[in-house]
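Observations on chain architecture
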Number of protein chains: 2
Amino acid sequence: MNNQFILDSRLANDCFEVINLKLSKVLLMNNNLFPWIILVPKKNSLKELIDLNAEEQNLLMEEISLISKAMMKLYSPDKLNVATLGNIVEQLHIHIISRRKNDSAWPQPVFGKETKPYTEANKQKVINDFLQYIK
Amino acid sequence: MNNQFILDSRLANDCFEVINLKLSKVLLMNNNLFPWIILVPKKNSLKELIDLNAEEQNLLMEEISLISKAMMKLYSPDKLNVATLGNIVEQLHIHIISRRKNDSAWPQPVFGKETKPYTEANKQKVINDFLQYIK
């Protein structure tokens, strides 16, 4: 499934790679304002959830759960936001975002809101924190 | 699963009931600008996807696929948006929205954007259209 998968260039530019799961590549969005993971199923030419077969959909749900549980342990969010929008980046990708009632966008969605890049040290800390739970 | 399930009052006010599936209640958002379905798993006190067990998560994915396929047939969307946010309404609910590149919010998400209520006739037509595919 991993052979010759080509990550969308905008996702590659906006995110850091964390790890490869069975179905999905795990990316960390370069935005220090919210813990924000993006899952990208590693098959080319996917656009919608229904482009995955039933087995892959279930595997995706498992991987969403894995990331969600890691976020609960790491950040105790008030709410998780899970979304596949894809109006701008067409390649199928799923946002999983840890939200707090005192975050800069609450209660609005974070899409299209202000961003703040990670420092190198902060980025590496967040990636290492996630890797404790999703290896 | 359906016994004494209590739908959040804001969802009840903002939506029309379409049908009950095995896991979820299917609602039509009262917004004529976008074909917009909301799935609400019929168990009380759910907040996150990970509050569902694995079997329920897979069933939810099946029901998301069912609605998604109906939308593809009915509206030929340029993109489906599928999201569980819940920053305002805490009860777990999943938005499935048919988007067109010429719709009033494209390419932004539709959440918090302008709305336009259905006429009674239009509402009934949309519900009947969906019922052809999701009965």
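It should be emphasised that the depicted structure is a prediction, and the values quoted were computed from it without experimental measurement. (Residues numbered from 1 in each chain as written. Chains lettered and ligands numbered in written order. Predicted model: local features only at pLDDT ≥ 70, side-chain atom pairs only at ≥ 80, totals over all residues. Heavy atoms only, no water.)

1. Some points on empty space enclosed by the protein
Enumeration according to the criterion identifies one cavity of 30 Å³ or more in this entry. Computed from the structure, the largest cavity encloses a volume of approximately 140 Å³. If you trace the largest cavity, you find 15 residues lining it, with Leu49 and Val82 of chain A together with Leu49, Ile64 and Val82 of chain B closest to the centre. When residues of the lining of the largest cavity are traced back to their parent elements, those giving at least two are helix H2 (54–75) and strand E4 (79–84) of chain A together with helix H2 (54–75) and strand E4 (79–84) of chain B. Partitioned by chemical class, the residues of the lining of the largest cavity number 13 nonpolar, two polar and no charged. (1 Å grid on protein atoms, 1.4 Å probe; cavity = no way out; pocket = protein on both sides within 12 Å on 5 of 7 lines; lining within 4 Å. Points joined across faces, edges and corners; volume = space filled by probe spheres on them. Helix = DSSP H or I, 4+ residues; strand = E, 2+ residues; numbered from the N terminus. Nonpolar A, V, L, I, M, F, W, Y, C, P; charged D, E, K, R; others polar.)

2. Side note on unusual backbone geometry
In this chain, Trp106 of chain A is followed by Pro107 of chain A through a cis amide linkage whose omega measures 0°. Mapping Pro107 of chain A onto the fold places it in the loop between strand E5 (94–99) and helix H3 (120–134). Backbone geometry at Ser45 of chain B places phi at a positive 70°, although glycine is not the residue there. Positionally, Ser45 of chain B belongs in the loop between strand E3 (36–41) and H2.

3. A closer look at the interface of chain A and chain B
The partner chain B presents 30 residues to the 30 residues of chain A that form the contact. For the chain A and chain B pair, buried surface summed over both sides reaches about 2,900 Å², with 59% attributable to carbon and sulfur atoms. One can count two salt bridges joining chain A with chain B. At the junction of chain A and chain B, the tally comes to 20 residue pairs in polar contact (both at pLDDT 80 or more). (Contact = heavy atoms within 4.5 Å. Buried area = accessible area lost by both parts, 1.4 Å probe. Salt bridge = Lys/Arg side-chain N within 4 Å of Asp/Glu carboxyl O. Polar contact = N/O pair within 3.5 Å; in protein donor to acceptor, adjacent residues only side chain to side chain.)

4. Quick notes on the sheet that holds strand E2 (residues 24–29) of chain A
Read from one edge of the open sheet, 10 strands run E1(A)-E2(A)-E3(A)-E5(A)-E4(A)-E4(B)-E5(B)-E3(B)-E2(B)-E1(B), paired in antiparallel fashion. With one partner strand each, in any of the chains shown, strand E1 (15–20) of chain A together with strand E1 (15–20) of chain B form the two edges of the open sheet. Averaged over all pairs of adjacent strands, the angle between strand axes in this sheet comes to 20°, irrespective of strand direction. Pairing between strand E2 (residues 24–29) of chain B and E3 of chain B: five bridges, direction antiparallel. Looking at the pairing, Lys25 of chain B lines up with Val40 of chain B of E3 of chain B. Sheet strands in contact with H2 of chain A are E2, strand E3 (36–41), E4 and E5 of chain A, and its direction is about 20° off that of E5 of chain A. Packed onto the sheet, H3 of chain A meets E1, E2 and E3 of chain A and runs at close to 20° relative to E1 of chain A. (Pairing = 2+ DSSP bridges. Axes fitted to C-alpha atoms, helices over the stretch in contact; angles between N-to-C directions.)

5. Some remarks on the packing of H2 of chain B against helix H3 (residues 120–134) of chain B
Residues and elements named next belong to chain B. Closest axis-to-axis distance for the H2/H3 pair is 9 Å, and the angle between their directions is 120°. The orientation of H2 with respect to H3, classified from their angle, is oblique. Regarding H2 and H3, the two cross each other, and that crossing is right-handed. Across the interface between the two elements, Leu66, Ile67, Ala70, Met71, Lys73, Leu74 and Tyr75 from H2 touch Val126, Asp129, Phe130, Tyr133 and Ile134 from H3. When the residues that make up the contact of H2 with H3 are grouped by side-chain class, the tally is 10 nonpolar, no polar and two charged. (Parallel < 35°, antiparallel > 145°, perpendicular 65-115°, else oblique. Left-handed = near helix turned anticlockwise from the far one by under 90°.)

6. Section: the nonpolar core
Ranked by size, the top nonpolar core spans 59 residues in total, and within it Ile37, Leu39 and Leu60 of chain A together with Ile37, Leu39 and Leu60 of chain B carry the most contacts. The dominant element in this core, judged by the number of residues it contributes, is H2 of chain B, at eight residues. In contact with Ile37 of chain B, other than residues within four places in its own chain, are Val18, Val26, Leu27, Leu28, Ile67, Met71, Ile94, His95, Ile96 and Phe130 of chain B. Membership of the second largest hydrophobic core comes to 34 residues, among which are Trp36 and Ala105 of chain A together with Trp36 and Ala105 of chain B. (Core = buried A, V, L, I, M, F, W, Y, C linked by side-chain atoms within 4.5 Å. Buried < 20%, exposed > 50% of the residue type's maximum accessible area, 1.4 Å probe, protein only.)

7. Here we look at H2 of chain A
Helix length check: H2 of chain A, at 22 residues, gives a terminal C-alpha distance of 31 Å against a target of 32 Å (1.5 Å per residue), a fit within 8%. Turning to H2 of chain A, the residues buried within the fold contact E2, E3, E4, E5 and H3 of chain A together with H2 of chain B. With a side-chain oxygen lying 3.1 Å from the backbone nitrogen of Glu55 of chain A, the N-terminal cap of H2 of chain A falls on Asn53 of chain A. Just past H2 of chain A, the residue Ser76 of chain A takes up positive phi, approximately 40°. (Expected span 1.5 Å × (residues − 1).)

8. Thoughts on the relation of the copies chain A and chain B
Least-squares fitting of chain A to chain B yields an RMSD of 0.0 Å, with the superposition described by an axial translation of 0.0 Å and a rotation of 180°. Between the two chains, the operation in question is that of a two-fold axis. Every residue of chain A has its C-alpha some distance from the rotation axis, and the shortest such distance is that of Ala83 of chain A, at 2.0 Å. Take the interface residues of chain A: 100% of them recur as interface residues in chain B, which is what a same-surface contact looks like. (Least-squares fit on C-alpha atoms with pLDDT ≥ 70 in both.)

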